[in-house]
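# Close look at the chain arrangement
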Amino acid sequence: MLLVSNSLYSQSKFNQFLKPSDTLNKSRRNTVFITEASLATITLIGLNQLWYADYPRSNFKVLNDSEEWLQMDKMGHMFSSYQLGRLGSNTLKWAGVSKKDQLIYGSTLGFGFLTAVEVLDGFSEEWGFSWSDIAANTLGSGLHIGQELLWDEQRLVLKYSFHQTEFAKQRPNKLGSGITEEFLKDYNGQTYWLSANINSFLKTETIPNWLNLAFGYGADGMLTGEANDPLFLNQNRKRQYYLSLDIDLSRIETNSHFLKTLFDVFNVIKIPFPTIEMNDDGRVKWHYIYF
């Protein structure tokens, strides 16, 4: 009984810790700022030493890569900027920071961090500073901020899903070797989703509050970023569009702040559902379960 009592007490304390503060909690706010600044600094230093150090440095240069990878890399920038902004805003909400400051200092977290990475790209011979990447970062942060200003909630959520493809085996140095690298590098297996909460728009009691309609974008047949690469002339590159259902985990009702936090973390992933696919040559394909 003592063990059970202590366990319940610990769970209660942890649940209380995860509960967002009703008023400004300076200790929490300072913890958030210090943690985010430290992680961002460590990540940028790590990228500079472990990633960019493997490639020659150059004078700052601008690269126009807007046509590469059928814009899948831009979707990645938009998704990352949105999700980092959502994380920044939610952590400040947990600290009891005002709504205005959540948007100013939290929702712009993704844009600021990814812009710093873009500057590092600009000084690398392998890459370059990309204005189209900056535009995608802006759209991602803008999607989060715009919805908070318009609706005071996120009715449209950017999500991600991934499946392994045959293309990574053909170019493992570029598309990744093993699922951990392919998850980040193989654009052929990535799908980015705009998941729309149905009940937020229809305002009906007949549809569960957590049920979403999801619109996906992906691409296939890409061994290189450029369609006319002389080393890979036989690429069958195509865009793919998806329609599916999804679950907004953040709208599942629970009194547990631990579960709310857990649901919020995993809400970046599109839940597998039956899916209709249409590619840009007009062909339609049915997936019993798509991920």
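About the thresholds
Residues numbered from 1 in each chain as written. Predicted model: local features only at pLDDT ≥ 70, side-chain atom pairs only at ≥ 80, totals over all residues. Heavy atoms only, no water. Phe/Tyr/Trp six-rings, centres within 6.5 Å; stacked < 30°, edge-to-face > 60°. Helix = DSSP H or I, 4+ residues; strand = E, 2+ residues; numbered from the N terminus. Buried < 20%, exposed > 50% of the residue type's maximum accessible area, 1.4 Å probe, protein only. Lys NZ or Arg CZ within 6 Å of the ring centre and 35° of its normal. 1 Å grid on protein atoms, 1.4 Å probe; cavity = no way out; pocket = protein on both sides within 12 Å on 5 of 7 lines; lining within 4 Å. Points joined across faces, edges and corners; volume = space filled by probe spheres on them. Nonpolar A, V, L, I, M, F, W, Y, C, P; charged D, E, K, R; others polar.

### Considerations on the packing of aromatic side chains
- This structure, assessed with the given rule, holds 16 aromatic pairs.
- Seen from their ring centres, Trp151 and Phe201 are 5.5 Å apart, and the 90 degrees between their planes marks the pair as edge-to-face. In this pair, Trp151 is assigned in the loop between α6 (131-150) and β1 (156-162) and Phe201 in helix α10 (residues 198-202), connecting sequence segments 50 residues apart.
- For Trp151, a relative accessible area of 26% gives the class partly exposed.
- Aromatic side chains Tyr160 and Phe183 sit 5.0 Å apart centroid to centroid with 70 degrees between the ring planes, which places their arrangement in the edge-to-face category. Highlighted residues: Tyr160 in strand β1 and Phe183 in helix α9 (residues 179-185), separated in sequence by 23 residues.
- With a relative accessible area of 37%, Phe183 lands in the partly exposed category.
- Three or more aromatic residues link up through ring pairs in this structure, and these residues are Phe79, Tyr160, Phe162, Phe183 and Tyr192.
- In this structure, Arg155 is placed above the aromatic ring of Phe201, and the distance from its NZ or CZ to the ring centre is 5.2 Å.
- Taking NZ or CZ as reference, Lys270 lies 4.7 Å from the ring centre of Trp193, over its face.

### Observations regarding the layout of surface pockets
- The space that makes up the second largest pocket amounts to roughly 280 Å³.
- What lines the second largest pocket is a set of 13 residues, and nearest its centre among them are Thr35, Glu36, Leu39, Leu87 and Leu109.
- Among the secondary structure elements, those contributing two or more residues to the lining of the second largest pocket are α2 (26-51), α3 (72-94) and α5 (109-122).
- Take the lining of the second largest pocket: its biggest share by element is seven residues, from α2.
- In the lining of the second largest pocket, the residues fall into eight nonpolar, four polar and one charged.

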